[in-house]
Amino acid sequence: MEGDRPNSENEQLVMSKKQRKRLEKHKLFLERRKIKRQEKRERKKEEKRNLQQEGDAEEGSQKVNPGLSGPFPKKFKSMNSEDASSLRVAIDLSFEDLMSERDLQKLLKQVQRVYSVNRRAQHPVQLYLTSFGDKVKSKLDEIKCNYQHWDIYIKTELYSQVFAAEEIVYLTSDSSNVLKEIDQSKAYIIGGLVDHNHRKGLCYQLAVERGIAHAQLPITEFVQLNSRRVLTVNHVFEILMHFTESKDWKDAFYKVLPARKVVSEKKGDKGKEGNTEDVIEAGEELDEIQQEASQ
Ligand SMILES: C[S@@+](CC[C@H](N)C(=O)[O-])C[C@H]1O[C@@H](n2cnc3c(N)ncnc32)[C@H](O)[C@@H]1O
């Protein structure tokens, strides 16, 4: 008889009953969670498809949220839309062998950011990736950012084979030429390099060797940084984009550069020689970049 069983045996029976119930409950919870997650994934896919369709349909029509400084507009504009700019900007990806895997990964996050900013710009520029090589390709494949479907020109050739020599301006902080205006007929090249300042002057040196025009952004004329004036690829691109819209360099620098990097408008101490390039490496904004670029 059950009543004759020793206490511990009864407890065991009760416990196992409880455990069985708990187990069943947990199984049910897991099943429900699986279904819910599946439904959420489907919903997200559907939202993404709708967004894409809306963006395609919206090309050439009024933008919902103009300007780069506010939250990103939901509607995407293609480089072929009526509103697109004829300005050409290329990221020179010829340095893949000079970077560690980690730095290449950082560079590609910056590239994704550039793409994402251009997609959401009021007047997207004609954006190029030149010297698109195997390492970059396999890293982008790994990230699964859908770059094959990006609205961008992907070229395996060096920028000098893509654009006429007289159209090219290589942007480099080491140039003694200071950019005053942006010439819509030119192709501006940004060096795709994350080097923590270990390869000082490399892009400048290559531009000089190749007989290519070069220029630096007019940072020192408008703002005082508490770090070196070597910026990340995405910050350079975003400054160009802001300037093309506002025609105001100071405004562009203030909007794009993180506040802690800007000391003042051209006054005060020179500050310590840090490296602005580290800004993006600190992880700011980057979590969202991959998601944005895959849209
Ligand atoms: C992190 S920097 C690369 C630094 C590298 N040591 C070099 O030789 O240029 C990435 C790219 O951003 C652009 N860049 C950065 N700061 C700039 C500035 N102040 N003016 C113009 N271009 C700049 C350049 O095209 C540069 O190649």
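As the structure is a computational prediction, the values presented were derived from the model and not from experiment.

Here we take up the site of the ligand. Residues in contact with the ligand amount to 22 residues; listed here are only the nearest, Leu171, Ser173, Gly191, Leu202 and Cys203. Those elements that place two or more of their residues in the shell around the ligand are β5 (187–191), α5 (202–209) and α7 (233–246). Of the residues assigned to the shell around the ligand, the class counts are eleven nonpolar, six polar and five charged.

On to the sheet that holds strand β4 (residues 168–171), then. One open sheet accounts for six strands, arranged β3-β2-β1-β5-β4-β6; its pairing is parallel. Because the sheet does not close on itself, it has two edges, and the strands there are β3 (153–154) and β6 (213–215). Sheet strands in contact with α7 are β1 (88–92), β4 and β5, and its direction is about 155° off that of β5.

Here we come to the UniProt feature "binding site: S-adenosyl-L-methionine" (unreviewed entry) in the protein. Here, the residues flagged by UniProt with the feature "binding site: S-adenosyl-L-methionine" (unreviewed entry) are Leu171, Gly191, Cys203 and Leu217. Taking the farthest pair of C-alpha atoms as the criterion, the annotated set spanning 47 residues converges on one region, since that pair is 14.2 Å apart. For Leu171, the location among the structural elements is in strand β4. Classification of Leu171 by C-beta neighbours within 10 Å gives buried; the count is 25. Those residues in contact with Leu171 that sit more than four places away from it in its chain are Tyr188, Ile189, Ile190, Ala215, Leu217 and Val236. When you line up the elements, Leu217 lands in the loop between β6 and α6 (219–222). Discounting residues that sit within four places of it in the chain, Leu217 has contacts with Leu171, Leu179, Val236 and Ile239.

For the rest of this paragraph, the subject is the pairing of β5. Along β5, five of the five residues are buried, which leaves the element largely enclosed by surrounding structure. Side chains Ala187, Ile189 and Gly191 of β5 all project onto a buried face; the interleaved residues Tyr188 and Ile190 project onto the opposite face, where all are buried too. Where β1 meets β5, five bridges bridge the pair, whose relative direction is parallel. In the sheet register, Ile91 faces β5, and the bridge partner there is Ile190. Note: β4 against β5, four bridges, orientation parallel. Bridge pairing in β5 links Val169 to Tyr188.

Bringing the nonpolar core into the picture now. Formed by 57 residues in total, the largest nonpolar core has its most connected members in Val89, Ile189, Val236 and Phe237. Contact partners of Ile189, with chain neighbours within four places excluded, come to Ala90, Asp92, Tyr159, Ile168, Tyr170 and Leu171.

As a further point, take the packing of α7 against helix α8 (residues 249–256). At a minimum axis distance of 8 Å, the contact between α7 and α8 shows a crossing angle of 140°. Put simply, α7 runs oblique to α8. Both α7 and α8 take part in a crossing whose hand is right-handed. Seen from α7, the contacting residues are His235, Glu238, Ile239, His242, Phe243 and Ser246; seen from α8, they are Trp249, Asp251, Ala252, Phe253, Lys255 and Val256. Across the contact of α7 with α8, the residue classes tally to six nonpolar, three polar and three charged.

Conventions and cut-offs
- Residues numbered from 1 in each chain as written.
- Predicted model: local features only at pLDDT ≥ 70, side-chain atom pairs only at ≥ 80, totals over all residues.
- Near = placed C-beta within 6 Å.
- Helix = DSSP H or I, 4+ residues; strand = E, 2+ residues; numbered from the N terminus.
- Nonpolar A, V, L, I, M, F, W, Y, C, P; charged D, E, K, R; others polar.
- Pairing = 2+ DSSP bridges.
- Contact = placed C-beta atoms within 7 Å.
- Axes fitted to C-alpha atoms, helices over the stretch in contact; angles between N-to-C directions.
- UniProt positions renumbered as here; feature names shortened; annotations may be inferred.
- Buried ≥ 20, exposed ≤ 12 C-beta atoms within 10 Å, placed from the backbone.
- Core = buried A, V, L, I, M, F, W, Y, C linked by C-beta atoms within 7 Å.
- Parallel < 35°, antiparallel > 145°, perpendicular 65-115°, else oblique.
- Left-handed = near helix turned anticlockwise from the far one by under 90°.

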